[in-house]
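Residue-level structural notes
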Amino acid sequence: MAHMDTQTEAELKAVFYAFASFGSSQDCVEMEGKNFNKLAKDTKLLAKCLTTTDVDIIFAQVKVKGARKITWPEFVQALDYIAAKKGCAMDEVVCAVLKSNGPQDNGTKAEACRFHDDKVGGSHLAIIVSLK
């Protein structure tokens with residue numbers, strides 16, 4: 001894409017920084033390959049014509065040799081490569097990324113377990129009572 005309007009660019013940058021910082025305790029301005037892959041999965045850009053391997057190859061093509069992360073301009077270039085690989089317009093890829101509203105935390109949440117979640121119980125209760 002040759003030119004984005006200011007609002008679209010600002011929204012896309014916000015999504016870029018959200019994915020770049022995902023899984024890190026600090027705000028990041030560069031994106032790692034694992035986060036770029038997560039972006040492709042969460043935004044549903046992956047298809048038969050665009051696999052995770054393709055996403056890794058695109059990431060390697062746009063990053064500076066020897067670097068482990070991509071910057072904002074490299075990210076925009078990578079989106080252009082994704083559009084070319086999928087055979088669609090860059091605007092469609094940008095729209096898909098913007099619809100995502102940032103990374104999705106797909107972790108599992110444990111169910112309550114009466115044997116584990118009790119504060120104190122069973123034989124532990126007898127020991128604590130006898131100590132008093």
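Everything below is about the structure printed above this text.
Residues numbered from 1 in each chain as written. Predicted model: local features only at pLDDT ≥ 70, side-chain atom pairs only at ≥ 80, totals over all residues. Heavy atoms only, no water.

Moving on to the packing of helix 3 (residues 52–62) against helix 4 (residues 72–86). The contact between helix 3 and helix 4 brings their axes to 9 Å, and the two run at 140°. Regarding the angle of helix 3 to helix 4, the classification is oblique. You can see that helix 3 and helix 4 cross each other, and the crossing is right-handed. Where helix 3 abuts helix 4, its residues Asp-54, Ile-58, Gln-61 and Val-62 lie against Glu-74, Gln-77, Ala-78, Tyr-81, Ile-82 and Lys-85. Here the residues of the contact of helix 3 with helix 4 sort into five nonpolar, two polar and three charged. (Axes fitted to C-alpha atoms, helices over the stretch in contact; angles between N-to-C directions. Helix = DSSP H or I, 4+ residues; strand = E, 2+ residues; numbered from the N terminus. Parallel < 35°, antiparallel > 145°, perpendicular 65-115°, else oblique. Left-handed = near helix turned anticlockwise from the far one by under 90°. Contact = heavy atoms within 4.5 Å. Nonpolar A, V, L, I, M, F, W, Y, C, P; charged D, E, K, R; others polar.)

Under the defined criterion, the tally for this structure stands at six aromatic pairs. Considering the side-chain rings of Phe-36 and Phe-59, the 5.9 Å spacing of their centres and the 40° angle between planes classify their relative orientation as tilted. Taken together, the residues span a long stretch of sequence, with Phe-36 in helix 2 (residues 33–42) and Phe-59 in helix 3 at a distance of 23 residues. Considered together, Phe-36 and Phe-59 belong to a single accessibility category, that of buried residues. An aromatic cluster is defined as three or more aromatic residues linked by ring pairs; in this entry it consists of Phe-16, Tyr-17, Phe-36, Phe-59, Trp-72 and Phe-75. (Phe/Tyr/Trp six-rings, centres within 6.5 Å; stacked < 30°, edge-to-face > 60°. Buried < 20%, exposed > 50% of the residue type's maximum accessible area, 1.4 Å probe, protein only.)

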